[in-house]
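# Remarks on the overall topology
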There are 4 protein chains.
Amino acid sequence: MAEAHGARGTSAPGREAPFVLKDFPHSLPISTRWADVDVYGHVNNVVYYSYFDTVVNEYLIARGVLDPQTSPIIGLVVETRCTYFRSLTFPAPVMAALRVAKLGSSSVRYDIALFQGDEEAVAQGHFVHVYVDRASQRPVPIPDPVRAVLQALVRTPA
Amino acid sequence: MAEAHGARGTSAPGREAPFVLKDFPHSLPISTRWADVDVYGHVNNVVYYSYFDTVVNEYLIARGVLDPQTSPIIGLVVETRCTYFRSLTFPAPVMAALRVAKLGSSSVRYDIALFQGDEEAVAQGHFVHVYVDRASQRPVPIPDPVRAVLQALVRTPA
Amino acid sequence: MAEAHGARGTSAPGREAPFVLKDFPHSLPISTRWADVDVYGHVNNVVYYSYFDTVVNEYLIARGVLDPQTSPIIGLVVETRCTYFRSLTFPAPVMAALRVAKLGSSSVRYDIALFQGDEEAVAQGHFVHVYVDRASQRPVPIPDPVRAVLQALVRTPA
Amino acid sequence: MAEAHGARGTSAPGREAPFVLKDFPHSLPISTRWADVDVYGHVNNVVYYSYFDTVVNEYLIARGVLDPQTSPIIGLVVETRCTYFRSLTFPAPVMAALRVAKLGSSSVRYDIALFQGDEEAVAQGHFVHVYVDRASQRPVPIPDPVRAVLQALVRTPA
């Protein structure tokens, strides 16, 4: 197992286990890009978060509960985290998988996992949005239509 | 026509005409990303070039004539250009189309056009690679296997 | 000279000459970033345009003639181009130099050159903004305060 | 306090306190870029990690213990995390501050904080490198010259 994961998978005995794709209710294929790759020949660690960002916002826009230019209530990112087990490479696409780990009154915590040709996550992490009034930037309750589409993604971590 | 193109299409009487998708022998769908979008709500002008870069290198890697980490002869970019007719938006994908406009002894000039839900290009431009020895960075003839896959993309501009 | 420029400088006898820093009325140091570098160990060609974009908009914002979130009239990019003579590397900063090559009624064409530790440009190109009404996206005359700060950058190419 | 921090600072009673600049032994000013800004008018959450990446690698390269193209032992990123208190804006630069929170036999955990015109962090997080043999990608002890420059950054969190 450690062997299969390469160095990134062997750093610590107590390290978290990779998520598996079937435990996620939603996923989105995302193209990798030449410019994603760094001098070591792998997708740069920063870019993983652009996949996180994309799977979350695509879900909200596609379901009609977010218009980035006009919505009066929007989600601001307050925390993100990623654990890297293996490397992603170009040009194969990445599958970004999404579920809601915790749905609060004004915030939502997503679990996100990235896959590339395997059922075990290459990397995984979380992403927390706090909903705010766009003008005042003050926290507000998650609007009902947003809550409904988030509710559909709620999974209790195994 | 100008109306259809919005402001970016009306800047000059003598402006070049948009390319059409059917005139390209190769194309690749590329996901847009949330972070591609700038404060004006459209994909930032810089990002168009990441699509250019991606369609070129994906073509070469997929056909087995480029291994970015080991190929002893590689293409260096010496010139790029893009004309923007309209805006690209997230989250719809972009279709990046590729052809070879000029195939020289050590350089290749690609035409690239970007489409998003229409047969007329949203933006288009060119991208010139000069082949060099990886170690010395000096120009060398395009290797035969590379030349063969480039030859397949040669189209004479209409 | 060709030697000094490496492969990117030797691609064609008729290639344009590098600009020199002293011919530019404005310049801005810009940090390079680890993620700018691609698998070949140099700043990726796409990233050069993020330096272009930055030197233009920083100039306009710093002089008080652009507020990206509220200005009712904004510049849309309709054309960009870059010629690459040599490679940029991380972590040294880039000096981005700016002048106005052509100031029209509703559009402005900037010349931009990038330097890294030398008086001769590593790369150079142009960047064309068309001014539009933000709501309608239709071309409008460049507002007088913008025109005044652009006028200060006008240089006739040597 | 909440007022000073805006919405991102008020999400939870138990939220961690912002770091202060004087508690960091090393810092690096990094330019913001136009393309860093997203549709909400602030630096996109992904980009914060490109500042993290940059302050770490610049430190190692500037001290002569990393050559990204040739070093036989390199650091691979296995975990990153960021907490966002407030928003960063363009065009002011960011000050990225660095210290070592934990120095293990083959891994190092950095604390990183980002500042923009204030002594309190706008955002902060951590970044973990595992040192590996570049060819085999297997973990190895941190080389002595690297360890020496890391030791100089060790601070016990207050």
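My aim in this report is to walk through the structure given alongside it, one point at a time. (Residues numbered from 1 in each chain as written. Chains lettered and ligands numbered in written order. Predicted model: local features only at pLDDT ≥ 70, side-chain atom pairs only at ≥ 80, totals over all residues. Heavy atoms only, no water.)

This paragraph deals with the overall build of chain A. Scanning chain A from N- to C-terminus turns up three helices and five strands. What you see in chain A, going N to C, is helices and strands ordered as α-β-α-β-β-β-β-α. By residue count, 58% of the 158 residues in chain A fall in the buried class. Considering only contacts within chain A whose residues lie at least 6 apart along the sequence, 72% involve residues at least 24 apart. Summed over all atoms, the accessible surface of chain A reaches about 5,800 Å², with 55% contributed by carbon and sulfur. (Helix = DSSP H or I, 4+ residues; strand = E, 2+ residues; numbered from the N terminus. Buried < 20%, exposed > 50% of the residue type's maximum accessible area, 1.4 Å probe, protein only. Contact = heavy atoms within 4.5 Å. Areas by Shrake-Rupley, 256 points an atom, 1.4 Å probe, with all protein chains shown as cover.)

A few words on the interface of chain A and chain C. With eight residues of chain A in contact, the opposing surface of chain C contributes eight residues. The largest per-residue losses of area from chain A upon contact with chain C belong to Trp34, Ala35 and Val39 of chain A, which jointly make up 58% of the total buried on that side. Inspection of the chain A/chain C interface yields zero salt bridges. Linking chain A with chain C are zero residue pairs in polar contact (both at pLDDT 80 or more). When the residues that make up the side of chain A that touches chain C are grouped by side-chain class, the tally is five nonpolar, two polar and one charged. (Buried area = accessible area lost by both parts, 1.4 Å probe. Salt bridge = Lys/Arg side-chain N within 4 Å of Asp/Glu carboxyl O. Polar contact = N/O pair within 3.5 Å; in protein donor to acceptor, adjacent residues only side chain to side chain. Nonpolar A, V, L, I, M, F, W, Y, C, P; charged D, E, K, R; others polar.)

In a structure, side chains of opposite charge can pair up when their charged atoms sit close to one another. The final tally for this structure, using the stated rule, is 24 salt bridges over all chains. Between Arg86 of chain A and Asp118 of chain A there is a salt bridge, with its nearest N and O atoms 3.4 Å apart. Of this pair, Arg86 of chain A sits in the loop between β2 (73-84) and β3 (94-103) while Asp118 of chain A is found in the loop between β4 (107-115) and β5 (123-133), placing the two residues 32 residues apart along the sequence. For Arg86 of chain A, a relative accessible area of 18% translates into the label buried. By relative accessible area, Asp118 of chain A is classed as partly exposed at 36%. The partner of Arg81 of chain B in a salt bridge is Glu79 of chain C, with the nearest N and O atoms 3.5 Å apart.

Looking down a regular strand, the side chains alternate between one sheet face and the other. Residues and elements named next belong to chain D. When strand β1 (residues 26-30) meets strand β3 (residues 94-103), the two strands line up antiparallel, connected through five bridges. Bridging from a neighbouring strand, Leu28 pairs with Ala96 of β3. In the sheet, β3 pairs with strand β4 (residues 107-115) via eight bridges, with the strands oriented antiparallel. Counterpart to Met95 in the pairing with β4 is Phe115. Joining the antiparallel neighbours β3 and β4 is a turn of three residues. (Pairing = 2+ DSSP bridges.)

With that settled, consider the relation of the copies chain A and chain C. The two chain copies are related to each other by a rotation about an axis together with a translation along it. If you rotate chain A by 180° and push it 0.0 Å along the axis, it lands on chain C with an RMSD of 0.0 Å. Such a combination of turn and shift is consistent with a two-fold rotation axis. Residue by residue, 100% of the interface of chain A is reproduced at the interface of chain C, so both copies engage with the same surface. (Least-squares fit on C-alpha atoms with pLDDT ≥ 70 in both.)

Another aspect to go through is the interface of chain C and chain B. Accessible area lost upon the coming together of the parts is a frequently used measure of interface size. Facing the 38 residues of chain C at the interface are 38 residues of chain B. When the two sides are added together, the surface that chain C and chain B hide from each other amounts to roughly 3,100 Å², 55% of it contributed by carbon and sulfur. In this structure, the connection of chain C to chain B is made through two salt bridges. On inspection of chain C and its partner chain B, the count reaches 13 residue pairs in polar contact (both at pLDDT 80 or more). Examining the composition of the side of chain C that touches chain B, we find that 11 residues originate from one element, strand β2 (residues 73-84) of chain C, more than from any other. Tallied by class, residues from the side of chain C that touches chain B come to 18 nonpolar, 12 polar and eight charged. Of the strand pairs in this sheet, strand β2 (residues 73-84) of chain B and β2 of chain C are connected by five bridges, and their pairing is antiparallel. Residue pairing in the sheet places Arg81 of chain B in a bridge with Arg81 of chain C of β2 of chain C.

Another aspect to go through is unusual backbone geometry. All names here are of chain A. Following Phe90, the chain continues into Pro91 via a peptide bond in cis, with omega recorded as 10°. Looking at where Pro91 falls in the secondary structure, it is placed in the loop between β2 and β3. Positive phi is not limited to glycine here, since Gln137 has a value of about 65°. One can find Gln137 in the loop between β5 and α3 (144-151).

Time to look at the side chain of Thr54 of chain D. Locating Thr54 of chain D in the fold gives a position in helix α2 (residues 45-62). Apart from residues no more than four positions distant in its own chain, Thr54 of chain D is found in contact with Thr32, Arg33, Trp34 and Phe90 of chain C together with Leu28 and Ile30 of chain D.

The subject of this paragraph is the packing of aromatic side chains. Inspection of every chain in the model, using the stated rule, returns 34 aromatic pairs over all chains. On the numbers, 5.3 Å between centres and 65° between planes, the contact of Tyr49 of chain B with Phe52 of chain B is edge-to-face. Of this pair, Tyr49 of chain B and Phe52 of chain B both sit in helix α2 (residues 45-62), separated by three residues, roughly a single helical turn. Of the two residues, Tyr49 of chain B and Phe52 of chain B, both sit in the buried class. Above the face of the Phe19 of chain B ring, Arg99 of chain B is positioned so that its terminal group lies 4.5 Å from the ring centre. One cation-aromatic arrangement involves Arg99 of chain C over Phe24 of chain C; the distance from NZ or CZ to the ring centre is 4.3 Å. (Phe/Tyr/Trp six-rings, centres within 6.5 Å; stacked < 30°, edge-to-face > 60°. Lys NZ or Arg CZ within 6 Å of the ring centre and 35° of its normal.)

Moving on, we get to the sheet that holds strand β3 (residues 94-103) of chain C. Hydrogen bonds between backbone atoms are what pair the strands of a sheet, whose relative direction is either parallel or antiparallel. Across the sheet, 10 strands lie side by side as β1(B)-β3(B)-β4(B)-β5(B)-β2(B)-β2(C)-β5(C)-β4(C)-β3(C)-β1(C); this open sheet has antiparallel pairing. Both edges of this open sheet fall to β1 (26-30) of chain B together with β1 (26-30) of chain C, since each of them pairs with a single strand only. Here the strands of the sheet are splayed against their neighbours by 25° on average, with no regard to which way each runs. α2 of chain B contacts β1, β2, β3 (94-103), β4 (107-115) and β5 (123-133) of chain B together with β2 and β5 (123-133) of chain C of the sheet and is inclined by roughly 50° relative to β5 of chain B. Lying on the sheet, helix α3 (residues 144-151) of chain C is in contact with β3, β4 (107-115) and β5 of chain C; it crosses β3 of chain C at an angle near 115°. (Axes fitted to C-alpha atoms, helices over the stretch in contact; angles between N-to-C directions.)

As a further point, take helix α2 (residues 45-62) of chain A. All names here are of chain A. Look at α2: 27 Å from first C-alpha to last across 18 residues, which is about the 26 Å you get at 1.5 Å a residue. Of all 18 residues in α2, 17 are buried; the element is thus mostly enclosed. You can read the cap of α2 off the contacts: a side-chain oxygen lies 2.9 Å from the backbone nitrogen of Val46, and it is on Asn44. Of the residues trailing α2, Gly64 is marked for its positive phi of about 80°. (Expected span 1.5 Å × (residues − 1).)

What follows concerns the relation of the copies chain C and chain B. Once turned by 180° and shifted 0.0 Å along the axis, chain C lies on chain B with an RMSD of 0.0 Å. Comparing interface residues between copies, 100% of those in chain C also lie at the interface in chain B; the contact surface is shared.

On to empty space enclosed by the protein. With the rule as written, the count across this model stands at seven cavities of 30 Å³ or more. Taken as a whole, the largest cavity holds about 710 Å³ of empty space. Lining the largest cavity we find 32 residues, and of these Val47 of chain A, Val47 of chain B, Ala35 and Val47 of chain C together with Val47 of chain D sit closest to its centre. Classifying every residue of the lining of the largest cavity by side-chain character gives 15 nonpolar, eight polar and nine charged. (1 Å grid on protein atoms, 1.4 Å probe; cavity = no way out; pocket = protein on both sides within 12 Å on 5 of 7 lines; lining within 4 Å. Points joined across faces, edges and corners; volume = space filled by probe spheres on them.)

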